[in-house]
Amino acid sequence: MPEPVPRFGDNASANGRLPSRSQAPGQVYKRRGQRAAAGGADAGDGATDRAEGRTPNMAQKNVLIVYAHQSASSFNAAVRDVTMKVLEEQGYRVTVSDLYAMDFRPSCTRNDVLGELKDPELFRYGEETMHAWKEGRLSHDIVAEQRKVEEADLVIFQFPLYWFSVPAIMKGWMDRVLTQGFAFSLEKMYNHGIFKDKKAMLAFSTGATQTMFRPDGLNGDINVLLWPLQNGTLHFCGFQVLAPQIFWCPAHSPPTVRTAMLEEWRSRIGGLLAEEPLTFAPCELFDLSFQGAFLLRPEVREERKLHSYGITTGHHLGKPLPPDNQIKALPPDQNSVKEDLNN
């Protein structure tokens, strides 16, 4: 069953949301930086931090929120505002790419490559944009987003779930911004990926209830739905993927429940960068050669026969899926995949 497109239209008094900020597309929110430009204290001023209730942070961390919702009065807008407020109070520098406000172009076309093509007879988007990235010939809007990713310690993708995936405008951001060379290469992927020192996560609302996304629910297991995005996109580029924040069915929830969702997220935000990431199968478990067909090494396959579950949601090996593999991080001492790698 496809996920219905949520219609929010909540008013502020009904759902406890913060007033939405007026913002320019892609605006960087850094109030302390503005004070510094005027001759005041900047982020490194510990006394000012303490006086204003923030934790002093000598090495300021950067967070990028890639945001896709059309309405300033939506529940998603409330989530974004809470995220920004808490992170700013803790000394983070927050950048928001508001894709609809930016009128971000999602389609992958010849216009993304400046100058001549390497092969004018057959346009291959991946090949051409890889060369354009190497030679500094990508379109300016792509370059601007890539710079934001480069600066970020954490990237949060926030959106309402459309058709069991991200909205088209966010899919276009992923297709255009995460180009070969910049975000991945044949030598640098998964746990050895280019962004292996960065963290990323999904924060999204659904139009269906939580029970509908259980393994025995009408829509099927949410872990299976999340695998392509979290493993095939984020982890493929090397990101350490944090457990998603899922806001279940806010459009059909009473105000007290929507407020509780926001408060739960508020309590989590400050510790995101310290969280353990989700578990994925490391490259070391596979024979990374054409001769070995990029399959599990025989000794790994043999060892996994002793386990009750598959390795991950995608690498199930015909066994039951590891419970909540894509929505909950395991403590390090319970992570059998890491244990296999260390043995």
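Trainee: So what's going on with the overall build of the protein? Residues and values would help.
Mentor: Scanning the protein from N- to C-terminus turns up 12 helices and 7 strands. Counting every atom, the protein has about 16400 Å² of accessible surface; 55% of that belongs to carbon and sulfur.

Trainee: Which residues make up the packing of aromatic side chains, and what values do they have?
Mentor: Throughout the structure, instances matching the rule amount to 13 aromatic pairs. Judged by centre distance (5.5 Å) and plane angle (70°), the rings of F182 and F195 are edge-to-face. Here F182, found in the loop between α8 (168-177) and β5 (199-205), pairs with F195, found in the loop between α8 and β5; they are 13 residues apart in sequence, far enough to count as distant. Of the two residues examined, F182 and F195, each falls in the buried class. Relative to F236, the ring of Y190 has its centre 5.1 Å away and its plane inclined at 85°; by these criteria the two rings are edge-to-face. Placement of Y190 in the loop between α8 and β5 and of F236 in the loop between α9 (222-234) and β6 (240-241) is noted, with a sequence separation of 46 residues between them. Linked through ring pairs, F75, F247 and W265 together constitute an aromatic cluster. When the ring centre of Y67 is taken as origin, the NZ or CZ atom of R80, which lies over that ring, is 4.8 Å away.

Trainee: Give me the lowdown on the pattern of salt bridges, citing residues and values where you can.
Mentor: A full pass over the atoms with the stated rule returns 18 salt bridges. A salt bridge links K148 to E145, with the shortest nitrogen-to-oxygen separation between them at 2.7 Å. You can see K148 and its partner E145 sitting in helix α7 (residues 140-151), 3 residues apart, about one turn around the helix. With respect to burial, K148 and E145 carry one shared label: buried. For K328, the salt bridge goes to D324, with nearest N and O atoms at 3.7 Å. By sharing partners, the salt bridges in this structure join R105, D112, D141 and R176 into a single network.

Trainee: Now, about the nonpolar core: what can you tell me, with residues and values included?
Mentor: Among the nonpolar cores identified, the biggest contains 41 residues, and F157, F159, M170, W173 and F239 are the most heavily contacted of them. Put simply, the parts of the chain that give this core at least two residues each are β2 (62-67), β4 (154-160), α8, β5 and α9. In terms of residue count, the dominant contributor to this core is α9 (6 residues). Non-local contacts of F239, meaning those with residues more than four positions away in its chain, are made with V149, V155, F195, K198, K199, A200 and L234. Membership of the second largest hydrophobic core comes to 25 residues, among which are I65, Y92, V94 and L242.

Thresholds, definitions, all that
Residues numbered from 1 in each chain as written. Predicted model: local features only at pLDDT ≥ 70, side-chain atom pairs only at ≥ 80, totals over all residues. Heavy atoms only, no water. Helix = DSSP H or I, 4+ residues; strand = E, 2+ residues; numbered from the N terminus. Areas by Shrake-Rupley, 256 points an atom, 1.4 Å probe, with all protein chains shown as cover. Phe/Tyr/Trp six-rings, centres within 6.5 Å; stacked < 30°, edge-to-face > 60°. Buried < 20%, exposed > 50% of the residue type's maximum accessible area, 1.4 Å probe, protein only. Lys NZ or Arg CZ within 6 Å of the ring centre and 35° of its normal. Salt bridge = Lys/Arg side-chain N within 4 Å of Asp/Glu carboxyl O. Core = buried A, V, L, I, M, F, W, Y, C linked by side-chain atoms within 4.5 Å. Contact = heavy atoms within 4.5 Å.

Shape is all these values report; function is a separate question.
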